[in-house]
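# Remarks on the overall topology
Next come the chains, spelled out residue by residue.
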Amino acid sequence: MIEDLAQHLAGGAADVTGIMRAGEDPHVYNVRPRDAEQIARADIILTNGHHLESTLEKVIHNNATGPVVALAEKAVPHPLGSSDDAGGGAPDPHCWMSVTHFRGYLQHALDALIAVDPENADTYRNNAREYDAELQELDTWIQNQITSIPADKRVIVTSHDAFQYLAEAYGLDVRAMVGISTAEAPRPQEIEKIESLIRNRNVKAVFIETSTSSTLNTLVKKSAAATGATIGGTLYSDSLDEPGEPAGSYVGMMRHNVSAIAGALGEPAASGQGATTP
């Protein structure tokens, strides 16, 4: 998500390199030998923060020669906590699931990029203005899609706790098999609570995720089978799809997720507003 934002912001005025590849889980990312070299060469390093890139924190600290800007920590200084008691008060790093917060990422990335490359400030400002307009349009579209779901049906169950900011921003109730980190192990009592919720609130569909383990997704499928719910689709949580794919951009990813949620829980997405990147 941050690489995509940086590419929109930089245009042709700066080279953007992403450390993590499409589909990789940042919670359990295995550091590669080339990472330290790429970090050392960078004029500026943009991260999410709130411990999302925990496996990279030491590498960044030891090798960064340019400023390190944690966009989520700047845009959302008071993050949500884990909805799972096992989270131990850890901050929820998935702030990009709120478009308003992601617009904050954009503003802080713009300020940081201008600080290291003032000669291209006008280019960066113009690019940011265009992208921000696209994000505002996305935000309105999401609000309309969620509103199409009956209020008592706005409940989603997912593999891990990555969608609380989506819930807070757009009026959803989100429950997950495990907390904010995919490295957590699901507890039998939590699975029982989820299945009781599905039955008691007559949840129509549950969702699996792209960058979580097959074990977590299998648990969601088993709970769906046990309760009579369907699999409403696959959501992107901690990664985008490959570049060029419909969900290969931040905007495309959000449209894919919201289209899947609205289609499974409420009215199908309006014609022409499916999971494609504008």
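Below is a summary of the structure that appears in this document. (Residues numbered from 1 in each chain as written. Predicted model: local features only at pLDDT ≥ 70, side-chain atom pairs only at ≥ 80, totals over all residues. Heavy atoms only, no water.)

This part covers the packing of aromatic side chains. Scanning all chains against the criterion turns up two aromatic pairs. Judged by centre distance (5.3 Å) and plane angle (40°), the ring pair of Phe102 and Tyr105 falls under tilted. With a gap of three residues between them, Phe102 and Tyr105 both fall in helix α5 (residues 99-116), about one helical turn apart. Assigned by exposure class, Phe102 and Tyr105 land together as buried. Ring centres of Phe102 and Tyr250 lie 3.7 Å apart, and the angle between their planes is 15°; on these two criteria the pair is classed as stacked. Linking Phe102 in helix α5 with Tyr250 in helix α10 (residues 250-265), this pair joins segments that are 148 residues apart in sequence. Feature note: the residues Phe102, Tyr105 and Tyr250 constitute an aromatic cluster, connected by ring pairs. The side chain of Arg255 reaches across the aromatic face of Trp141, ending 4.6 Å from its centre. (Phe/Tyr/Trp six-rings, centres within 6.5 Å; stacked < 30°, edge-to-face > 60°. Helix = DSSP H or I, 4+ residues; strand = E, 2+ residues; numbered from the N terminus. Buried < 20%, exposed > 50% of the residue type's maximum accessible area, 1.4 Å probe, protein only. Lys NZ or Arg CZ within 6 Å of the ring centre and 35° of its normal.)

Judged by how many residues are buried, strand β5 (residues 205-209) sits mostly within the fold: five of five residues are covered. Here β5 shows two buried faces, one formed by Ala205, Phe207 and Glu209 and the other by Val206 and Ile208. As defined by bridge partners, β5 adjoins strand β6 (residues 230-235) across five bridges and the pair is classed as parallel. In the sheet register, Phe207 faces β6, and the bridge partner there is Gly233. The parallel pair β5 and β6 is bridged by helix α9 (residues 214-227), and the resulting crossover is right-handed. (Pairing = 2+ DSSP bridges. Right-handed = clockwise from strand over helix to strand, strands pointing away.)

Now for the pattern of salt bridges. Inspection of the entire model under this criterion finds eight salt bridges. For Arg201, the salt bridge is made with Asp173, and the minimal N-O distance between the two is 2.5 Å. Of this pair, Arg201 sits in the loop between α8 (188-200) and β5 while Asp173 is found in strand β4 (residues 173-178), placing the two residues 28 residues apart along the sequence. Exposure remark for Arg201: the relative accessible area of 34% places this residue in the partly exposed category. The salt bridge involving Lys193 is made with Glu190; its shortest N-O contact spans 3.7 Å. You can see Lys193 and its partner Glu190 sitting in helix α8, three residues apart, about one turn around the helix. The exposure class assigned to Lys193 is exposed, which follows from its relative accessible area of 53%. Exposure remark for Glu190: the relative accessible area of 16% places this residue in the buried category. One network of salt bridges, in which partners are shared, links Asp173, Arg175 and Arg201. (Salt bridge = Lys/Arg side-chain N within 4 Å of Asp/Glu carboxyl O.)

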